[in-house]
Amino acid sequence: MFAKSKQAGFVAVLLIAAVCLGAVVLPPNTTARAAAAGAVLPPAVIVEVDSTEDWQAVTTGPVKPQIAVLSVDASLQIGDIATVEQAIEALDGILPAFYVRTDEEAVALGTYCKNRNLWDAYVVSDEPSLVAAAKSAAGFLYGVVDCRGGNGSLADTVFAVNACGARTAWIDSTDKSTVEYLQYRWLNVWNDGAEDAVLSGVNGVVTEQVAVVATYLSMLPAGTVLRNPMPRKRRAIRKAFRYSTTFSKQSRETAKC
């Protein structure tokens with residue numbers, strides 16, 4: 001069952017300490033997905049690349065994340081690290097998530113992905129309109145809205161993500177009830193953290209400690225459920241959250257945008 005108790009949190013701290021002290025080491029060239037094979041509905045392990053050091057850790061480190069977040073400019077250059085084309089080749093199976101901050105970057109990225117027929121990639125932005133701009137050129141891109149630091153309500157988050165055609169909200173909170181609120185409204189959830197993020201039941205954990213999180217996942221008892229399965233019937237969702245018919249109608253119309 002989902003680990004909710006203080007005891008589970010204490011165990012998590014002990015496991016993380018063991019990893020950091022070198023008492024537990026994963027085999028080299030392990031992927032985060034393979035490390036989490038014993039858990040049920042584990043999160044993807046994601047790393048945000050901000051420097052050449054981060055890039056080296058992603059491409060040559062002993063444990064591979066599942067997704068790498070890369071800031072791209074309008075010339076399809078990722079800082080002084082590489083071009084988008086070079087990055088895709090170097091990632092070798094790690095999914096790229098391209099962070100855009102301007103219309104020019106969004107359009108250039110979308111056009112590139114469409115021309116290259118690049119399906120397994122994400123577009124990320126703190127501006128929903130930029131996610132929409134990239135997806136207007138390449139509708140198959142996975143959209144992620146960076147909602148960290150926002151002051152809006154959770155309902156605002158749902159509307160913003162739906163309006164631009166994205167399916168994922170990147171949030172600050174590791175509170176399980178917050179995560180479930182968004183998931184029960186058909187959104188995937190990313191957040192920053194380590195064991196606290198894993199235990200919150202998110203779909204993706206953004207961390208600098210890829211090996212630590214992967215090792216923690218590998219040490220969970222087989223069959224540990226980290227995320228509640230989604231109910232598939234609308235009635236079940238209404239019963240669970242009792243949201244109003246008005247809210248439901250607004251959500252459906254927003255999703256059509």
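For the structure itself, look to the data block above.
Reading the values: rules and limits
Residues numbered from 1 in each chain as written. Predicted model: local features only at pLDDT ≥ 70, side-chain atom pairs only at ≥ 80, totals over all residues. Heavy atoms only, no water. Helix = DSSP H or I, 4+ residues; strand = E, 2+ residues; numbered from the N terminus. Buried < 20%, exposed > 50% of the residue type's maximum accessible area, 1.4 Å probe, protein only. Contact = heavy atoms within 4.5 Å. Areas by Shrake-Rupley, 256 points an atom, 1.4 Å probe, with all protein chains shown as cover. 1 Å grid on protein atoms, 1.4 Å probe; cavity = no way out; pocket = protein on both sides within 12 Å on 5 of 7 lines; lining within 4 Å. Points joined across faces, edges and corners; volume = space filled by probe spheres on them. Nonpolar A, V, L, I, M, F, W, Y, C, P; charged D, E, K, R; others polar. Salt bridge = Lys/Arg side-chain N within 4 Å of Asp/Glu carboxyl O.

Turning our attention to the overall build of the chain. Looking only at helices and strands, the chain features 12 helices and 12 strands. Counting across all 257 residues of the chain, residues that qualify as buried make up 48%. Within the chain, counting contacts between residues at least 6 apart in sequence, those at least 24 apart form 59% of the total. Of the accessible surface of the chain, which amounts to about 12600 Å², a share of 54% is contributed by carbon and sulfur atoms.

Even without glycine at this site, L76 takes up a positive phi of about 60°. Among the secondary structure elements, L76 is positioned in the loop between β4 (67–71) and β5 (77–78). Under the relative-accessibility criterion, L76 is labelled buried at 19%. In this structure, N117 is a non-glycine residue whose phi angle is positive, near 60°. With respect to the helices, strands and loops of the structure, N117 is situated in the loop between α5 (103–116) and β8 (122–125).

This part is about the layout of surface pockets. If you add up the space inside the second largest pocket, you get close to 320 Å³. What lines the second largest pocket is a set of 18 residues, and nearest its centre among them are C147, G150, G152, S153 and T157. At the level of secondary structure, the elements contributing two or more residues to the lining of the second largest pocket comprise β9 (142–146), α7 (154–163) and α8 (176–183). Counting residues per element, the lining of the second largest pocket draws most heavily on α7, at four residues. For the lining of the second largest pocket, the residue count by class is six nonpolar, eight polar and four charged.

Here we take up the pattern of salt bridges. This structure, assessed with the given rule, holds five salt bridges. Close ionic contact of R116 with E89 constitutes a salt bridge, the shortest N to O distance being 3.3 Å. With R116 in helix α5 and E89 in helix α4 (residues 84–91), this pair connects stretches of sequence that are 27 residues apart. When its relative accessible area of 30% is taken as the criterion, R116 is described as partly exposed. Accessibility expressed as a relative area gives 53% for E89, which makes it exposed. Notably, a salt bridge pairs K176 with E180, separated by 2.6 Å at the nearest N-O pair. Here E180 and K176 lie together in helix α8, a separation of four residues that amounts to about one turn. One salt-bridge network, held together by shared partners, links E85, E89 and R116.

Below, the discussion takes up the environment of I171. With respect to the element layout, I171 can be found in strand β10 (residues 168–171). Overall, I171 belongs to the buried group, its relative accessible area being 7%. For the pair I171 and D192, spaced 21 residues apart in the sequence, the C-alpha separation amounts to 7.7 Å. Leave out the neighbours within four places in its chain, and I171 touches C147, R148, T178, V179, L182, V189, W190, N191 and D192.

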